Structures are given as C-alpha cells and as structure tokens.
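Below are the chains, spelled out letter by letter.
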Amino acid sequence: MPTASPSTETASAEETEALAAGLAGTLAPGDVVLVSGDLGAGKTTFVRGAARALGVRVPVTSPTFTIARRYEDGRVPVSHLDLFRLAEGLEDEEPELLDDELAPDRVAFVEWPEVAGGGLPGLHVAARVHLEHLGGDRRRVTIETA
Ligand code: ADP
Ligand code: MG
C-alpha cells in the first residue's frame, strides 16, 4: 500500500488539479476518496482534477444542490457527492441513494464527509484529502492514503 503523503502547497487551482490527477492514477473501482476542507478551499477543484485524470470530459461542477453527480464517460464510473446539504442527518435521507453512488464498480469522491459521521460504514476509503486556505490562491493539500 502507498504510504501517507506529507502536505503539499499549491499556488493555483491547476496545481491542485495536478495533485489530484496523481492520486487518481492510484484509484481502482470501489475506492472512496473523502475530501474535507472549508468552503472554497478547493474540494470540488480537487475532484475535478481527479475526474479529468480518470477520463471524465464533461464539466465537473459542485453537486451541492443535488447531493450527487455521476460521470459515466471516463475509464471508470465516477460519483461525486457533496454531503453539505445533509447536515441535518443522513438518517432522514434515502440511504439507498448513497448505496448506489458508493458502489463497488465506481470511484467515489465525497465532499463534507464529516457530515455523515458514522453513516458511511463498510466503505473502502482509499484516501483522505484535506485542503486548507493559506491566503490568496495558496492552499495546503494533505493526501493521506490508506
Ligand atoms: P470547495 O469545493 O472546497 O468549496 P471549490 O473547489 O469549489 O471549493 O472552489 C475553490 C476556488 O478557489 C475555485 O474558484 C478555485 O479556482 C480557487 N482556487 C484558487 N487557488 C486554488 C488552489 N491553489 N487550489 C484550489 N483552488 C484554488
Ligand atoms: Mg465543493
């Protein structure tokens, strides 16, 4: 298994996307990547870079108002979840929705994973990514692989 990576600083969205592309190269179907960080830290930007590297060509945008988007045009089916809207608690939502997105034949990226608390059991978390603002366009990106 790969070892935990130290933090890296990026100076642009493109640099963050390039880091994400590097991680994407290690991902296999069934892998889940948890992406945390404040609003605007670059979570969706990171997922965009990873999805592109997995062959997704259609625009990758924030799924905040739909909870999940699916991309089927890459080398592996990709799900992109944003749990921000589920802050009231996953129990009230349809759990089978997440089962479909977090399926063994897909690679899934989950923004705001902390909202789920213990509500995402049995997942194969391949990496935990954390993004932090460092001022202007600088971000600290920490990629912890399993
Ligand atoms: P989040 O999903 O965490 O709310 P987004 O990825 O939607 O954040 O937005 C991050 C914004 O910050 C984008 O407009 C992006 O272009 C910009 N940005 C500037 N510098 C960086 C960087 N180093 N890494 C990622 N995004 C950056
Ligand atoms: Mg986002």
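In what follows, the structure referred to is the one given above.
Next up on the list: the coordination of the magnesium ion (ligand 2). The coordination sphere of the magnesium ion (ligand 2), as far as protein atoms go, consists of Thr44 (OG1) and Glu111 (OE), spread over 2.2 Å. Note that Thr44 is positioned in helix α2 (residues 43-53) and Glu111 in strand β5 (residues 107-111), a separation of 67 residues in sequence. Side by side, Thr44 and Glu111 carry an identical accessibility label, which is buried.

Moving on, we get to the sheet that holds strand β2 (residues 31-37). The 7 strands lie next to each other as β1-β7-β6-β2-β5-β4-β3, forming an open sheet whose pairing is mixed. The open sheet is flanked by β1 (7-10) and β3 (68-71), the only strands paired with a single partner. Between one strand axis and the next, the sheet turns through 20 degrees on average, direction left out of account. α2 rests against β2, β4 (78-82), β5, β6 (124-133) and β7 (139-145) of the sheet, and its axis sits at about 170 degrees to β5.

For the rest of this paragraph, the subject is helix α1 (residues 13-24). Here α1 contains 12 residues, and its C-alpha end-to-end distance of 16 Å stays within 8% of the 16 Å for a straight helix at 1.5 Å per residue. Turning to α1, its buried residues number three or more, namely Thr16, Ala20, Leu23 and Ala24. In an axial view of α1, the angular spread of the buried residues amounts to 100 degrees, which keeps them on one side of the axis. Of the surrounding secondary structure, the elements contacted by the buried residues of α1 are β1, β2, α2, β6 and β7.

This part takes up the site of ligand 1. Not every one of the 16 residues close to ligand 1 is listed here, only the nearest: Thr16, Gly40, Lys43, Thr45 and Asp137. Residue Thr10 places a side-chain N or O atom 3.0 Å away from a nitrogen atom belonging to ligand 1. Within the side chain of Thr16, one N or O atom sits 2.6 Å away from a nitrogen atom of ligand 1. Notes on ligand 1: free accessible area 570 Å², of which the protein chains cover 74%. Residue assignment for the shell around ligand 1 shows that the elements contributing at least two residues are α1 and α2. Residue contributions to the shell around ligand 1 peak at 3 residues, all from α2. Each residue belonging to the shell around ligand 1 can be placed in one class, and the counts come to 4 nonpolar, 7 polar and 5 charged.

Here is what the cut-offs are and how they apply
Residues numbered from 1 in each chain as written. Chains lettered and ligands numbered in written order. Predicted model: local features only at pLDDT ≥ 70, side-chain atom pairs only at ≥ 80, totals over all residues. Heavy atoms only, no water. Donors = N, O, S within 2.8 Å, 3.2 Å for Na, K, Ca; no water. Helix = DSSP H or I, 4+ residues; strand = E, 2+ residues; numbered from the N terminus. Buried < 20%, exposed > 50% of the residue type's maximum accessible area, 1.4 Å probe, protein only. Pairing = 2+ DSSP bridges. Axes fitted to C-alpha atoms, helices over the stretch in contact; angles between N-to-C directions. Contact = heavy atoms within 4.5 Å. Expected span 1.5 Å × (residues − 1). Arc of directions from axis to C-beta. Near = heavy atom within 4 Å. Polar contact = N/O pair within 3.5 Å; in protein donor to acceptor, adjacent residues only side chain to side chain. Areas by Shrake-Rupley, 256 points an atom, 1.4 Å probe, with all protein chains shown as cover. Nonpolar A, V, L, I, M, F, W, Y, C, P; charged D, E, K, R; others polar.

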